[in-house]
Every structure is written in structure tokens, then in C-alpha cells.
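Coordinate analysis (summary)
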Amino acid sequence: MKWWQKAVFYQIYPRSFADGNGDGIGDLAGMISRLDYLKDLGVDAIWLSPHYPSPQVDCGYDVADYTAVAPEYGTLDEFRCFLDGLHERGMYLILDLVLNHTSDQHPWFIESRSSKTNPKRDWYVWHPGQKHGPPNNWLSAFGGSAWEFDETTGEYYYHYFFKEQPDLNWHHPDVRNAMWDSVRFWLDMGVDGFRLDAVGTIFEDPSLPDHKAGVTQDDLYRMDRLAQTAAEHARVARLWEEMYQPQHDQPGIHELMQELRSVVDEYPDRVLVGETDDLTYYGDGDNELHMVFNFPLMRTRRLTADWVRKNQEERLAGIPSKGWQCNPLGNHDCGRIISEFGDGQHDEEIARLNLAILLTMKGTPFLYNGEEIGMTNASIENPSDFRDPLSSQAYEMEIRLMGAPPEQAAVYASQRGRDKTRTPMQWENAPYGGFCPANVKPWLPVNDNYQHGVNVHDQLQDPNSLWWYYQRILEVRRENPALREGEYEAVVFQDDHILAYRRVSPEQACLILLNPTAEIRFLDLKHSGFAYRIVYSHHPLDVMDSITLQPWDVVILDESGFQRDSC
Ligand code: GLC
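Everything in this summary refers to the structure shown in the same document. (Residues numbered from 1 in each chain as written. Predicted model: local features only at pLDDT ≥ 70, side-chain atom pairs only at ≥ 80, totals over all residues. Heavy atoms only, no water.)

So, on to the sheet that holds strand S12 (residues 487-491). The five strands lie next to each other as S12-S13-S14-S18-S16, forming an open sheet whose pairing is antiparallel. Edge positions in the sheet fall to S12 and strand S16 (533-537), since each has one partner strand and no second. Neighbour-to-neighbour, the strand axes of the sheet open up by a mean angle of 20°, direction not taken into account. The sheet contact formed by strand S14 (residues 509-514) and strand S18 (residues 554-558) spans five bridges and is antiparallel. (Pairing = 2+ DSSP bridges. Helix = DSSP H or I, 4+ residues; strand = E, 2+ residues; numbered from the N terminus. Axes fitted to C-alpha atoms, helices over the stretch in contact; angles between N-to-C directions.)

So this is what it looks like as C-alpha cells:
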């Protein structure tokens, strides 16, 4: 088994993780000072969101130099120190690789836009447009036309995301070579792989057909806001799909990913993780991406038994035999797990149960910094504090399209944008959660609940805290090979609200019993033929023939080598 199949990944959002130099912005010095924290928590690998120089229009996903470190995050030497510090502790590091686009401040684009004859002109997607406007009706997924008119040369350039993120022209061999050189730069340094940003958007339909959705983005926003029934939500999703269909997952992408795979395979034991849930990116299981995210798992309000069972059956059946899935419940683009999956009453119990699901399912789990202390969606109600342009955009649309009064628009926008999930890590019960000095304003407001136990320091003092639960379940996973490596087998009890499955490896077999409901549930193990050893249980438990599962309960049993005499 490869290291990345056994590992638990932890995503660090560098701007918000730890501020080492006291300027209100997270940095490498901060990350270096928290290396032991990461080791103590028990994660094995870090996915670092972009750490490259960037104008920060899209919080680092607008890269201005692929082979350097953002000055506000530190130096290349500090980066090496972080990497070495992880390796010395037996951990791994993967970087975010943004292939689809660069920043409009990247020297490649500055050259490209300077004249039609510049050698880098065709590194980006330029078009003279039609008589009175852009080449077609394509839209940016982040709002407005996908074509931006550029005065200097009188042509349009294409951008799937913000206009400050021009798309690279991946048909151009020089683009490939330049990017592969950047990839080798980090691999030569010892970086263990990459998370590939927005891979689906790399190619567009070359015949530039208009989209046929028949609605505007404003219409879609309104429909989305007013949708109530499942059918209405499904219609919004279908229209969204139609609107962007010619702009993603186009022919050529798999060949490109295979080319990148062969670059990465020049180095032993590196990994590529695609930001897509499309199983075709596994190729034959051995020639394209090592892992793609199981995003469908998290597209629900509740991880019920039925939901998880169906998800596992569908995903595992679709992955080629040599492929290996990875499972997320959250990241920097969506809401905080505890807020998104909670019911407002049992949020922490549900968070504990969900972690147990994630860490016992087949596949590599991905965690997001701050979830280990139960950081919640922050409410940032002053629009001047928004940093994600999508928050500001939602504010404007709420007022213009929904007629909302500004205060109400701000509350809503703060939940629709992504700032809510990117606020600084809460290290202690001190001003700004101890993220930065009391006299410095952090780059994003800190969630006030650091004063009420949602901070690392307080939770370390309390053996019953969520932090210690994370630490414990991570340890359980580490110590039980079946949980990391075993095959998945669904187990269905008469009460099918109970989520149960076995994980079976050559050395060990575990039975996982989870109660994703607020009711007590009973189950009968009489006919299983095993006498179990308890690996983990929330509550003291006597494993006889029957088990009582408390609400949100987690029980992990080892059945290896304990055949009952009677069988
Ligand atoms: C990915 C990133 C997101 C970013 C977008 C454009 O989806 O996760 O944060 O805005 O790509 O780079």
C-alpha cells in the first residue's frame, strides 16, 4: 500500500492557519511553529492551499509565480524548513497546483496581453470577438461574461473564473513545458505531490458554441434563492449544468492528465489528487490521477445510513480496480462541517459521528484545518470585511435582485460567500483567538466563539473535547490496518437506520456500527459467529449478543481470530 492510501490528509489554508510574524496574516513561520501540533493531532499529510505570490483576488488561486513563495507567507528557505519539518516527523506535503489559469499579474499574461505578436500571445485564449461583442454567450462561473475585452490589442481573453484569472491555452506545447518545469521544481525539492485545482475547466469546446440554458445568471440566482422543492432545486442544477456545459470536461483533458502523471512518475512515490468527482480521471487506474474527491458524499444535509451506503456502493463500483478514492466532508470552498451537517441541537454529536464515518470508510480522508475544534461558519456582517469577491457579489445581488435591505443582504451574503469558512484558526481564548497580536487586525474577522471553548488551548485542557476525540479516532485508525487498508463490505441489519459495514484486510477485520439518528437503536449480533473485541466505543459497552446504540453512537469492533466456540 502506498503512503497516500494509508494517510489522513489535513488541509491548511495558509492565510488563516497560524501567524508567525504578527502581521494578522498566516504564514510559514506560523506553520513551522505548529509542526508538533500537527504531529500530536495525528494527521499524516498536509495539503497546502496556494502559497505562491498572488494579488489575492481569489485568495491565492490567482498565481503570479509558480516557483516562489508569497512574500507575506515567508521565503523559499522557510518553505523548505516547513517541508523538512514535516518529513522529519514522518509526514508528507502536497501543494495546490492551479493549472487552468494564472493571475492577470503573472509575467506570462502581462507579456501575452502586450501585443498580438508577443511570443506568449497564444499562451492564453484570445479572440477578436464578433462584430459587436464577445465571441459567444459564455459566462464566468464567478459571474458575468467569460470574455474580457482588452483595450491594448482590441481582443477578448477568456476566463472561467474571475477576470483577474485568465485561462491558459493548454493546446500550446510551451504552456505545458513551462508548467511541467514548475511541477519539477517542487518535486525536485521533495514535495510529495499536488492537489489539482479545477481540472475540469482546463479545456473549452473549440467550436465555441453558445450555451443553450436560455436563462441569465440573474435569473438563475433568483431561481436558486426561491427554490423550495426538490424539483425546483434539480431544475436550477440542470440549468447551471447547461449554462457551463461547453466550458468544462472537454476532450483532451485525459491525455493532458496522463502527460502530467508521467512527469510526476519521474519521481518515486508522489501523488496527484484531482479537484473533481469524475471517475474517468482515474484513467485505467494506474495512468492518470491517483485520487479524485468523493464530493457526492458531502452533498447532503445529513449523512444517513442510506446515503452513505448508496454513496459507497456507487463510488466503489465505478473506480477501476487499481484506483483509490479519497473522502472529504469540507474544504475552503464550502461551509464548515459542524454547521453544514449539524441540526442546531446535536451539532457536536453529529460532528463526532461524521468523523468516525470519514475515518472508517474505505479511502483516504481529507480534513480541513479548524474542524478538529469544531470551528463553525462565521458570520461576517460588515461588507467591508468581506475578502472573497463571491461574498461581495452575493451582497450586491441580494439587494439588486431580491430587494433585500442592506443589513439583511450582508447576513445572507456572508453565508453564501466563502469567507465564513476561511476565518483565522482559533488557538486560544485571547483577543482574535490568539491568532495574531491584540493590536493587529487579522485579515478576516475571527469568529467570536473562541471565547466559548472553540479554541485549541481550552480543548487541550479538556479530555472530553472534540480535539481529543479527533486525536483518539485518528489513533484508532492508525492502529487498525483494516480501517486504513481493508475492503469495504456493507452490512445491513433489520433496523436499516443503523449504518454498518465491515472493513476487511488480510491482517484484520473490523465491524463498524454507527447510529446516525437521535434515537436509541438495538441490534442483534447473535448469528454473526464472532466474539468481538471492542476497538472503540463512545460509551462503556458489553458486547454480548445484542448491542444498544445510543443516539449518534460509534462502535468499532475487531472480529479477527475470535470465532465463537459454538460456530
Ligand atoms: C477551485 C478552488 C477555489 C477557487 C477556484 C478557482 O475550485 O478550490 O477556491 O476559487 O478553483 O481557482
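Backbone hydrogen bonds hold the strands of a sheet together, and the pairing may be parallel or antiparallel. The antiparallel open sheet is built from three strands, whose spatial order is S4-S6-S5. Of all the strands in the sheet, just strand S4 (126-127) and strand S5 (147-150) have a single pairing partner and so form its edges. Two strands pair when backbone bridges link them, and S5 and strand S6 (residues 155-158) are joined in this way by four bridges, in the antiparallel orientation. Directly across from Glu 148, in S6, lies its bridge partner Tyr 157.

Take the packing of aromatic side chains next. Aromatic ring pairs are described here by two measures, namely the spacing of the ring centres and the angle between the planes. Taken as a whole and assessed by the stated rule, the structure comprises 34 aromatic pairs. Relative to Trp 180, the ring of Trp 170 has its centre 5.4 Å away and its plane inclined at 40°; by these criteria the two rings are tilted. A residue pair is termed long-range when its members are at least 10 positions apart, and Trp 170 in the loop between S6 and helix H7 (173-189) and Trp 180 in helix H7 qualify at 10 residues. In this arrangement the basic side chain of Arg 34 is found over the ring face of Trp 427, its NZ or CZ atom lying 3.6 Å from the centre. (Phe/Tyr/Trp six-rings, centres within 6.5 Å; stacked < 30°, edge-to-face > 60°. Lys NZ or Arg CZ within 6 Å of the ring centre and 35° of its normal.)

Near the ligand there are 13 residues, and of these Asp 58, Asp 197, Glu 275, His 332 and Asp 333 occur at the shortest range. A distance of 2.5 Å separates an oxygen atom of the ligand from a polar atom in the side chain of Asp 58. Within the side chain of Asp 333, one N or O atom sits 2.5 Å away from an oxygen atom of the ligand. Residue classes in the shell around the ligand are distributed as three nonpolar, three polar and seven charged. (Near = heavy atom within 4 Å. Polar contact = N/O pair within 3.5 Å; in protein donor to acceptor, adjacent residues only side chain to side chain. Nonpolar A, V, L, I, M, F, W, Y, C, P; charged D, E, K, R; others polar.)

Our focus in this paragraph is the nonpolar core. One recurring pattern in soluble globular proteins is that nonpolar side chains are buried together. Formed by 138 residues in total, the largest nonpolar core has its most connected members in Tyr 10 and Phe 79. Here this core takes eight residues from H7, the largest share from any one element. Look past the residues within four positions of Phe 79 in its chain and what remains in contact with it is Leu 28, Leu 48, His 51, Val 69, Leu 93, Leu 95, Trp 186, Met 189 and Val 191. Residues Val 125, Leu 139, Val 215 and Leu 220 belong to the second largest nonpolar core, which totals 21 residues. (Core = buried A, V, L, I, M, F, W, Y, C linked by side-chain atoms within 4.5 Å. Buried < 20%, exposed > 50% of the residue type's maximum accessible area, 1.4 Å probe, protein only. Contact = heavy atoms within 4.5 Å.)

Okay, helix H8 (residues 217-226) next. Three or four residues apart is the spacing at which side chains of an α-helix point the same way, because the helix has 3.6 residues per turn. Those residues of H8 that sit buried are Gln 217, Leu 220 and Tyr 221. Buried residues of H8, seen end-on, are gathered within an arc of 100° and therefore sit on one face of the element. Taken together, the buried residues of H8 touch helix H9 (230-244), helix H14 (389-402) and helix H15 (406-416). (Arc of directions from axis to C-beta.)

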